[in-house]
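Structural overview
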Amino acid sequence: MPPEPPAIFAADCRACSRLATFLADVRAQHPDYHAAPVPSFGPLTARLLIVGLAPGMHGANATGRPFTGDYAGVLLYETLHAHGFASAPESTRADDGLELIDCRITNAVKCLPPQNKPTTAEIRTCNGFLAAEMAAMQPQVILALGKIAHDAILRAKGLPLSSLRFAHGAEHELDANTLLVDSYHCSRYNTQTRRLTPAMFRDLFARIRRDLG
Ligand code: SF4
């Protein structure tokens, strides 16, 4: 029998002990929250993979869907919908019926980290899931939301982190078939300080749409 392919997700993963302990505390405080590793959202056959950082406390960690339930997803889903990658402009709950079209969203780290800051060891530990997901999907375009996501993608491809520099709007050839596009993260901080404006994000998605054809 051929060996099983590496898992792209494990709903009961506790490989990062600090995060597992933190999630147990969060579950005790918020019994109605998902408070567990958050699975990717969207079809594995999609040509576009979007990689964020990690679930937010009252967003993905609460609802169980990436970028859903808090401010970080507002601009993302609006923009996805405007470019034909989502069936609706808003993602409110995991069971709201929204579908992604030719697009999948994941995070570099699948569990909520304290203060939204995973350690380097946690990013490395979770990287096997991202590597397996990228290998299973073979996406044509990968959009990195922020430098941590950019670095996690390089690591998942086995590339030195110094090989491709993160810069908003930069495009890099990850391999002959895959383009890596960098964006500032669509966090509340970045959008409210206008480091990332809706127009900048729209421009990026318009380019991705053109790249995908
Ligand atoms: S962050 Fe990833 S590797 Fe760490 S416990 Fe969660 S799912 Fe497992």
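Quick summary incoming for the structure in this document. (Residues numbered from 1 in each chain as written. Predicted model: local features only at pLDDT ≥ 70, side-chain atom pairs only at ≥ 80, totals over all residues. Heavy atoms only, no water.)

Some thoughts on the overall build of the chain
Counting its secondary structure elements, the chain contains 7 helices and 5 strands. When the helices and strands of the chain are placed in sequence order, the string is α-β-α-α-β-α-β-α-β-β-α-α. Here the chain has a C-alpha radius of gyration of 16 Å; the compact-globule value for 213 residues is 17 Å, and the two agree. By its C-alpha atoms, the chain is 45 × 45 × 35 Å across when sized along the principal axes. For the chain, the proportion of contacts with a sequence separation of at least 24, taken over those separated by at least 6, is 67%. Here the chain displays about 10,200 Å² of accessible surface, and carbon together with sulfur accounts for 54% of that area. The averaged location of the 20 negative side-chain charges in the chain is 6 Å from the averaged location of its 21 positive side-chain charges. (Helix = DSSP H or I, 4+ residues; strand = E, 2+ residues; numbered from the N terminus. Rg over C-alpha atoms; globule rule 2.2 N^0.38 Å. Contact = heavy atoms within 4.5 Å. Areas by Shrake-Rupley, 256 points an atom, 1.4 Å probe, with all protein chains shown as cover. Lys, Arg positive; Asp, Glu negative; His and termini not counted. Charge placed at Lys NZ, Arg CZ, Asp CG, Glu CD.)

Side note on the packing of aromatic side chains
Summed over all chains, the structure comprises 3 aromatic pairs. Residues Phe166 and Tyr184 carry aromatic rings whose centres are separated by 6.4 Å and whose planes lie at 55° to one another, so their mutual orientation is tilted. Of this pair, Phe166 sits in the loop between helix 5 (147-156) and strand 4 (171-175) while Tyr184 is found in the loop between strand 5 (178-183) and helix 6 (188-192), placing the two residues 18 residues apart along the sequence. Owing to a relative accessible area of 16%, Phe166 belongs among the buried residues under this scheme. When the ring centre of Tyr71 is taken as reference, the NZ or CZ atom of Arg188 above it lies at 4.4 Å. In this structure, Arg209 packs its charged tip against the face of Phe85, placed 4.0 Å from the ring centre. (Phe/Tyr/Trp six-rings, centres within 6.5 Å; stacked < 30°, edge-to-face > 60°. Buried < 20%, exposed > 50% of the residue type's maximum accessible area, 1.4 Å probe, protein only. Lys NZ or Arg CZ within 6 Å of the ring centre and 35° of its normal.)

Some words on the packing of helix 3 (residues 72-82) against helix 7 (residues 198-212)
Viewed as axis vectors pointing N to C, helix 3 and helix 7 meet at an angle of 40°, and their least axial separation amounts to 10 Å. Taken together, the axes of helix 3 and helix 7 lie oblique to each other. Crossing hand, helix 3 versus helix 7: right-handed. Of the residues in helix 7, those in contact with Leu75, Leu76, Thr79 and Leu80 of helix 3 are Pro198, Phe201, Arg202 and Phe205. Among the residues making up the contact of helix 3 with helix 7, the classes are represented as 6 nonpolar, 1 polar and 1 charged. (Axes fitted to C-alpha atoms, helices over the stretch in contact; angles between N-to-C directions. Parallel < 35°, antiparallel > 145°, perpendicular 65-115°, else oblique. Left-handed = near helix turned anticlockwise from the far one by under 90°. Nonpolar A, V, L, I, M, F, W, Y, C, P; charged D, E, K, R; others polar.)

Side note on the site of the ligand
Lining the immediate environment of the ligand, one finds Cys13, Ala15, Cys16, Leu19, Val109, Lys110, Cys111, Thr125, Cys126 and Phe129. For the shell around the ligand, the per-class residue count stands at 8 nonpolar, 1 polar and 1 charged. (Near = heavy atom within 4 Å.)

With respect to the sheet that holds strand 3 (residues 141-145)
Sheets are built from strands that pair by backbone hydrogen bonding, the pairs being arranged parallel or antiparallel. As summarised here, the arrangement of the 5 strands in space is 2-1-3-5-4, forming an open sheet in which the pairing is mixed. At either end of the open sheet lies a strand with only one pairing partner, and these are strand 2 (103-107) and strand 4. Taking each pair of neighbouring strands and ignoring which way they run, the sheet shows an average axis angle of 25°. Bridge analysis of strand 4 against strand 5 gives 4 bridges, and the strand direction is antiparallel. Counterpart to His172 in the pairing with strand 5 is Leu180. Relative to strand 3, helix 7 is tilted by about 165°, and along the sheet it contacts strand 1 (48-52), strand 3, strand 4 and strand 5. (Pairing = 2+ DSSP bridges.)

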